[in-house]
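Fold and geometry: a report
Residue strings, one per chain:
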Amino acid sequence: MINSYSEVSEGYYYVRKGDTSRSVANVVYGDQNKASRLVKANPEQWDPESHITVPGVSGRLDTMKPGESVTKVCQRVFPGQPVHLFQNRFYVWNGGQNRQFGGGEMIFIPNR
């Protein structure tokens, strides 16, 4: 478990039901033609509700604290920054706005 945020040079993406390598590449790289990068880094089958690695995307990796909201995570990980700049990224990479997050769960927020 990660106790406080860590800068990482390889991203993590929370796989949702229906995701494909091309759809995820479009989200994380903005280019579905980069799907082969994801497949090479994650050759095993992608199970919904698991994390895959995303090469070439830096960001911050952290662990949700029990009862912590997404707003609080963004304030803690990016102090002094406007929360709205990071909340949307948080949801895109970590399973969406309707997902329930639990304490101790790994989360990733990209720098871009």
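Structure: above.
What counts as what
Residues numbered from 1 in each chain as written. Predicted model: local features only at pLDDT ≥ 70, side-chain atom pairs only at ≥ 80, totals over all residues. Heavy atoms only, no water. Helix = DSSP H or I, 4+ residues; strand = E, 2+ residues; numbered from the N terminus. Buried < 20%, exposed > 50% of the residue type's maximum accessible area, 1.4 Å probe, protein only. Contact = heavy atoms within 4.5 Å. Phe/Tyr/Trp six-rings, centres within 6.5 Å; stacked < 30°, edge-to-face > 60°. Pairing = 2+ DSSP bridges. Salt bridge = Lys/Arg side-chain N within 4 Å of Asp/Glu carboxyl O. Core = buried A, V, L, I, M, F, W, Y, C linked by side-chain atoms within 4.5 Å.

1. So, the overall build of the protein
Within the protein, the secondary structure is distributed over four helices and three strands. Taken from N to C terminus, the helices and strands of the protein fall in the order β-α-α-β-α-α-β. Taken along the three principal axes of its C-alpha coordinates, the protein extends 35 × 25 × 25 Å. Each of the 112 residues in the protein was classed as buried or not, and the buried ones make up 40%. Within the protein, contacts between residues separated by at least 24 positions form 63% of all contacts whose residues are at least 6 apart in sequence.

2. Focus on the packing of aromatic side chains
Counting across every chain of the model gives six aromatic pairs. Ring plane angle 55° and centroid distance 5.2 Å describe the contact between Trp93 and Phe108, whose orientation is recorded as tilted. With Trp93 in helix H4 (residues 84-93) and Phe108 in strand E3 (residues 106-110), this residue pair connects regions lying 15 residues apart in the sequence. Comparing Trp93 with Phe108, the two get one shared label, buried.

3. Considerations on the environment of Ser21
When you line up the elements, Ser21 lands in helix H1 (residues 21-29). Dropping the residues within four chain positions of it, Ser21 is found in contact with Ala35, Leu38, Val39 and Trp46.

4. Structural notes on the pairing of E3
Counted residue by residue, E3 has four buried out of five residues, so it is predominantly covered. In this structure, strand E2 (residues 51-63) lies alongside E3, joined through five bridges in antiparallel fashion. Across the sheet, the residue bridging to Leu61 is Phe108, located in E3.

5. Let's talk about the environment of Gly102
Summarising the element assignment, Gly102 is placed in the loop between H4 and E3. Distance from Gly102 to Pro66, taken between C-alpha atoms, is 6.4 Å for residues 36 residues apart in sequence.

6. Topic: the pattern of salt bridges
If the charged atoms of two oppositely charged side chains come close together, the side chains can form a pair. Considering all chains together, one arrives at four salt bridges under this definition. Its salt-bridge partner being Glu105, residue Arg99 comes within 1.9 Å of it at the nearest N-O pair. For the pair formed by Arg99 and Glu105, the shared burial category is buried. Connected through shared salt-bridge partners, Asp62, Glu68 and Arg76 make up one network.

7. A look at the nonpolar core
In this structure, Tyr13, Val24, Val28, Tyr29, Leu38, Val54 and Trp93 are the most contacted members of the largest nonpolar core, which totals 16 residues. Secondary-structure elements contributing two or more residues to this core are strand E1 (6-14), H1, helix H2 (35-41) and E2. Those residues in contact with Leu38, other than ones at most four positions away along the chain, are Ser21, Val24, Ala25, Val28, Tyr29, Trp46, Thr53, Val54 and Pro55. Counting residues in each nonpolar core, the second largest holds twelve residues, with Phe78, Val83, Tyr91 and Ile107 among its members.

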